[in-house]
Amino acid sequence: MVVTPRLIIDSVVRSVCDCDVERLVPLAGAGMNETYRAELVGGVAVVVRIARQPGPWFVDEAHLMTQARGVGVPTAEVLGLEQLEHDGQLLSFSIQQFLPGRSLDELLGELPTSDLERLVLDAGELLARVHSVIPDRGRGIRHELRSPEEHDIARVARLVEEALGAVAAEVVKRGADYLRHVVATRPAPLLSLAQGDFLPKNLIVHAGALVGVIDWEFAGPASPAFDLGRWEVSAGAPLHDRMDLVYDGYARVADPGSAAAGLVPAFAIDWALEKLGWSNPATPEQFRRCVDVIARYARDRPNHSSA
């Protein structure tokens, strides 16, 4: 459903592309923003993203996408950025090149195993290229490990106990203890550019090759372990258990062990705890995955009552 009036979208696209919109198609999986494929007169298509934020949005994203493209990461070209007021809200527009293809996530059930493994290897290489970028100070969203608040963990533990039982709730508490220990004892990691949502759903495949990495909205400075930890929690079956392929592809460009600096467990637990506490709950499969990842990495830490 189109939320922003069509006349406004048409006007912004026309000002950027100097062409009229023939057809506007909402795109699924756009997260917090409105996202459309705009088919223009003459057969060209562009992507229109619309955010409602207090200040201008997509500006850092466009800059960081350009930096990533400079090191060989396929990203869409941002054709124009616009901001305007509508009904008391600031609307930020990003008009981008449309990348034909389908997400790796969509193709999981269709691809032969050999093709799937090759694409994940290539994804690992692209991620290493992303991490080779030293982000500009003040650009993007900085991703740091956080020491979890006791009241947040108590709430998450209750949710997990209701869904999966008391043993799973204790896993959550143990994961929080592990994360607090890492935050208190580990030095701050070296920062590189993190894509922010480097997952199969944002990897575009066309003609058997990875042709695009999309959705850079949350890109910014972080340890490389940030992106690696998120893949392990959220890539989905079977790819969340194929970190070996991601690391092998990464090794074409850089040493993944040195890049991650031992922080993948902490970033994975941090993200799993955040997902478990979402107001709109993750799916049952994602919920279980979050607990499983915490259990694996925090199994050697003391339990909550003795920490």
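See above for the structure.
Residues numbered from 1 in each chain as written. Predicted model: local features only at pLDDT ≥ 70, side-chain atom pairs only at ≥ 80, totals over all residues. Heavy atoms only, no water.

Draft legend 1. Quick look at the pattern of salt bridges. A full pass over the atoms with the stated rule returns 26 salt bridges. The residue Asp 122 makes a salt bridge to Arg 252 at a minimum N-O spacing of 2.8 Å. Of the two residues, Asp 122 sits in helix H3 (residues 113–131) while Arg 252 sits in the loop between helix H7 (243–250) and helix H8 (256–260), which places them 130 residues apart along the sequence. Owing to a relative accessible area of 45%, Arg 252 belongs among the partly exposed residues under this scheme. Put simply, Arg 288 and Asp 292 hold a salt bridge, and the shortest N to O gap is 3.1 Å. In this pair, Arg 288 and Asp 292 are both assigned in helix H10 (residues 284–298), four residues apart and thus about one turn of the helix distant. Given the relative accessible area of 35%, Arg 288 is considered partly exposed. Salt bridges here are not isolated pairs; linked through shared partners, they connect Arg 49, Glu 61, Asp 215 and Glu 217. (Salt bridge = Lys/Arg side-chain N within 4 Å of Asp/Glu carboxyl O. Helix = DSSP H or I, 4+ residues; strand = E, 2+ residues; numbered from the N terminus. Buried < 20%, exposed > 50% of the residue type's maximum accessible area, 1.4 Å probe, protein only.)

Draft legend 2. Representation of the nonpolar core in the model. Formed by 69 residues in total, the largest nonpolar core has its most connected members in Trp 216, Trp 231 and Leu 276. Here the element with the most residues in this core is helix H9 (residues 264–276); it accounts for nine residues. Apart from the residues within four sequence positions on either side, Trp 216 is in contact with Glu 61, Met 65, Ala 68, Val 73, Thr 75, Val 130, Leu 193 and Gln 195. Residues Val 12, Ala 38, Leu 40 and Leu 91 belong to the second largest nonpolar core, which totals 16 residues. (Core = buried A, V, L, I, M, F, W, Y, C linked by side-chain atoms within 4.5 Å. Contact = heavy atoms within 4.5 Å.)

Draft legend 3. Expanded view of the sheet that holds strand S4 (residues 78–86). Ordered by their spatial adjacency, five strands build an open sheet running S1-S2-S3-S5-S4, and the pairing between neighbours is antiparallel. The two strands at the open ends of the sheet, each matched to only one other strand, are strand S1 (21–26) and S4. Strand-to-strand twist across the sheet, computed as the mean angle between neighbouring axes with direction ignored, equals 25°. Of the strand pairs in this sheet, S4 and strand S5 (residues 89–97) are connected by eight bridges, and their pairing is antiparallel. Each bridged residue has a counterpart across the sheet, and for Leu 81 the counterpart in S5 is Ser 94. The sheet strands contacting helix H1 (residues 6–17) are S1, strand S2 (34–40), strand S3 (45–52), S4 and S5, and the helix crosses S4 at an angle near 140°. Along the sheet, helix H2 (residues 59–69) makes contact with S3, S4 and S5, crossing S4 at roughly 175°. (Pairing = 2+ DSSP bridges. Axes fitted to C-alpha atoms, helices over the stretch in contact; angles between N-to-C directions.)

Draft legend 4. Spatial organisation of the sheet that holds strand S6 (residues 102–103). Ordered by their spatial adjacency, three strands build an open sheet running S6-S8-S9, and the pairing between neighbours is antiparallel. Sheet topology places S6 and strand S9 (209–213) at the edges, where each strand pairs with a single neighbour. Both strand S8 (residues 203–206) and S9 contribute to a ladder of four bridges, which runs antiparallel. Its bridge partner being in S9, His 206 is matched across the sheet by Ala 209.

Draft legend 5. Quick look at helix H6 (residues 225–234). Most of H6 is tucked away: 10 of the 10 residues are buried. Listed as buried for H6 are Ala 225, Phe 226, Asp 227, Leu 228, Gly 229, Arg 230, Trp 231, Glu 232, Val 233 and Ser 234. Gly 236 occupies a position one or two residues after H6 and carries a positive phi of about 85°.

Draft legend 6. Region of interest: the side chain of His 143. Residue placement: His 143 occurs in the loop between H3 and helix H4 (150–164). Within the local environment of His 143, its side chain forms a polar contact with the backbone oxygen of Phe 218, the two atoms lying 2.7 Å apart. The residues touching His 143, leaving out its near neighbours within four places in the chain, are Gly 196, Phe 218, Gly 220, Pro 221, Ala 222, Phe 226 and Phe 267. (Polar contact = N/O pair within 3.5 Å; in protein donor to acceptor, adjacent residues only side chain to side chain.)

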